[in-house]
Protein chains: 2
Amino acid sequence: MAVIVQKYGGSSVANAERIKHVAGRIGQCHDRGNRVVAVVSAMGDTTDHLIELAHQVAPSPAPREMDLLLSTGEIVSCTLVAMALQDLGYKAVSLSGGQAGIRTDTAHTRARITGLEPDRIQRELEKGHIVIVAGFQGVTEEMDITTLGRGASDLTAVALAAGLQAERCEIYTDVEGIYTADPRLVPKARKLKEIGFEEMLELANYGAKMQPRSIELAAVYNVPVLVSSSFVEAPGTLIHGGVGMEVRNKVRGIAADRDVAKITVLGVPDRPGIVAALFDPLAQEGISVDTIVQNASVEHITDVTFTVSRRDLRRALEVIGPVVKSIGSRGCASDDRLAKVSIVGTGMLNAPGFAATMFRTLAEAGINIEMITTSEIRITCLVAEDRVPAAVQALHAAFRLDEDQ
Amino acid sequence: MAVIVQKYGGSSVANAERIKHVAGRIGQCHDRGNRVVAVVSAMGDTTDHLIELAHQVAPSPAPREMDLLLSTGEIVSCTLVAMALQDLGYKAVSLSGGQAGIRTDTAHTRARITGLEPDRIQRELEKGHIVIVAGFQGVTEEMDITTLGRGASDLTAVALAAGLQAERCEIYTDVEGIYTADPRLVPKARKLKEIGFEEMLELANYGAKMQPRSIELAAVYNVPVLVSSSFVEAPGTLIHGGVGMEVRNKVRGIAADRDVAKITVLGVPDRPGIVAALFDPLAQEGISVDTIVQNASVEHITDVTFTVSRRDLRRALEVIGPVVKSIGSRGCASDDRLAKVSIVGTGMLNAPGFAATMFRTLAEAGINIEMITTSEIRITCLVAEDRVPAAVQALHAAFRLDEDQ
């Protein structure tokens, strides 16, 4: 019997009615002859409420206690889904992340999965049980509860699918699939039938609503991932490794990411080791630095510009403050009103026409490009946040994504 | 350094303000040079809300999932108390029941503690940490979460105090201690300075606000228990084994318990094995039967009357239904509008005047006695529920508990 891993997001289990609806869908999958493991997120705004409660008690709560606190949200929803299934006459069992065998390192609030011990799940499946797993969480060697970072229920689902050699991982959410662009920005955006892991990774990293780490993991273990809606019956988007040749060498989608803050360190002496002195402390604090640009040096003095996510901006400035002084730089400037707009498609870098079209399109729309970065399958421009809708719409039309393909 | 185990009930941690207040008190105990372990209940009405949520999803949720669901309430409050302590500058760590080493059997919703593995707590105490433990819960051998029954955070605290050889277990609640009677029923009720384990056990079993199983455990391990208020600074009641001679041979308090339902099995053939046939299935269902009375048999036919807690009434009737038929009885009658009123004091049974005074006092107040049971240190009368206040007040006066002693 095939194992199917499903994942239901917070809006899909936001209240008792929706939980019963989700239980019905999980039951149907079981009825079709599958062994089903379903991963669930916390109900609706539960996680935000718990964070608020923590901040009422302490302005900066310790990550370890925060993880134990937040892990309760997913436990509540997974027990309720199991109860709803039992009420429908199915045999079901709810498991915390730890019980499900998700082992992690000790990096609280952003732990990494170090291993999976799926014996408990396998035993339950062999007994004919449907297994409901609390997403987003794991357990360290010392049995401390960790969380895997926001949106990481996707990661739990993909990790379980990989560990259980599932036929497919199905991510149910409040959108119907992966689109050529955010439909709220581009009314003409179209849903993709399928997309490759790499392209999806770039789309996810640059704005599409799926957790990038889970795509990476799916790619490594070659787990096909189906993204579709838990509310309407409609075919979703299949993310997999075997996307046909006919969709290569094309822009597949336009991504936008507003979670961007830019820091410029002014007047940095251009000597070996200086850049390391700047970025080592950020890495130690767990702050991810994205794009880095170093201007051409004038008289051995240069400016270094880099981006971080907005929530890390304040902490990044605190961390590099002393370094900036010690290396004799003139100081820092920052801007958190920027966004990234990207075009994504396989084989783009070998076809220079894509970059030229992108830059021309933005110029014609009167949009200034602050920074540019590229990967094998993506070209990204940093633009002012308020120009994002205009930029995405212009690019969606320029690359003919408006048209049926 | 002495180990002190404290326990704070749900009303003591009902909101952020109270949690901070509780953290302050825990910190003070640490400042006085103690190693402190604090057990906390779920915030305010959390447990009731979770039960309601479960019933919205399924009318009769499975006990295993219910336990995993309810265990989150205490985890939320223990993490918040730890955060509040950290914010006050203390080193603190929050632990779930399982992490704290509370091992139980698999009797979900009413699990029994089978062992304590306190190594994690001891390691944390040795590091100078204050340890906050989620009450009411434990973990089975298979790492399934269990709960220990309502009010069982007291039990968690006493078990930890016993296992850690604590100097004292302090139970902080919304009352100032143990009273000669419920002050809401008897305005003249007085707070006791001290009371013996056995007397306290009878008071708790028969209405005083403390979990009986925790008193039993405290008695077995000889853990002194201080009951006092978490809201006001006032001396509480010390429950211990070494109560002096001068308080013996006296009624110490009047208890009332409204959680009583009576079942009468009518026309039971008076043959060996019949009573076992009646009560074995109840025991198998985990329904505690309290007082049992068998009428004198007339022509080998008798009536058997027993009491259960009100929440078990419906289930008890379901369980004995088939048995009643199979033994040829005439059927069942039940009444859930009864209550127990008890007088408690050491050495009472050897001084017959107590029983006589009790029966006369109730008779003079016009209160009918439905059943009578006694122990070494307690005499209990079953009366109509609506007569409880009158009965308790009359007995409180008759045994001179109104007077300063």
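Residues numbered from 1 in each chain as written. Chains lettered and ligands numbered in written order. Predicted model: local features only at pLDDT ≥ 70, side-chain atom pairs only at ≥ 80, totals over all residues.

Observations regarding the overall build of chain A
Looking only at helices and strands, chain A features 11 helices and 18 strands. Considered along the principal axes of its C-alpha atoms, chain A spans approximately 75 × 50 × 35 Å. Looking at chain A as a whole, 50% of its 405 residues qualify as buried. In chain A, of all internal contacts separated by at least 6 residues, the share reaching a separation of at least 24 is 73%. (Helix = DSSP H or I, 4+ residues; strand = E, 2+ residues; numbered from the N terminus. Buried ≥ 20, exposed ≤ 12 C-beta atoms within 10 Å, placed from the backbone. Contact = placed C-beta atoms within 7 Å.)

Some details on the confidence of the model for chain A
The pLDDT averaged across chain A works out to 90; a share of 96% of its residues lies at or above 70. As a predicted assembly, this complex carries a pTM of 0.81 together with an ipTM value of 0.79. (pLDDT = per-residue confidence, 0-100.)

Examining the relation of the copies chain A and chain B
Between the two copies, chain A and chain B, the superposition gives an RMSD of 0.1 Å; the rotation angle is 180° and the shift along the axis is 0.1 Å. Put plainly, the chains are arranged around a two-fold axis. No C-alpha of chain A approaches the rotation axis more nearly than that of Thr 72 of chain A, which lies at 2.6 Å. Both copies contact each other with a shared surface, as 100% of the interface residues of chain A are interface residues in chain B too. (Least-squares fit on C-alpha atoms with pLDDT ≥ 70 in both.)

Some points on the sheet that holds strand 9 (residues 168-173) of chain B
Residue and element names in this part refer to chain B. Read across the sheet, eight strands follow the order 3-6-2-1-9-11-12-10 without closing on themselves; strand pairing throughout is mixed. Because the sheet does not close on itself, it has two edges, and the strands there are strand 3 (92-95) and strand 10 (194-196). Strand-to-strand, the axes of this sheet are offset by a mean angle of 20°, without reference to chain direction. Helix 5 (residues 153-163) rests against strand 1 (3-8), strand 2 (35-40), strand 6 (130-134), strand 9 and strand 11 (225-229) of the sheet, and its axis sits at about 175° to strand 1. (Pairing = 2+ DSSP bridges. Axes fitted to C-alpha atoms, helices over the stretch in contact; angles between N-to-C directions.)

Regarding the interface of chain A and chain B
If you look at the interface, chain A gives 27 residues, while chain B gives 27 residues. A per-element tally of the side of chain A that touches chain B places helix 3 (residues 63-87) of chain A first, with 13 residues. Among the residues making up the side of chain A that touches chain B, the classes are represented as 18 nonpolar, six polar and three charged. (Nonpolar A, V, L, I, M, F, W, Y, C, P; charged D, E, K, R; others polar.)

Some details on unusual backbone geometry
Phi angles above zero are rare outside glycine, and Thr 109 of chain A is one such case at about 70°. Locating Thr 109 of chain A in the fold gives a position in the loop between strand 4 (102-104) and strand 5 (113-116). Judged by the 16 C-beta atoms lying within 10 Å of it, Thr 109 of chain A falls in the partly exposed class. Within the chain, Phe 136 of chain B stands out as a residue other than glycine whose phi angle is a positive 80°. Positionally, Phe 136 of chain B belongs in the loop between strand 6 and strand 7 (137-139). Residue class for Phe 136 of chain B comes out buried when judged on the 29 C-beta atoms lying within 10 Å of it.

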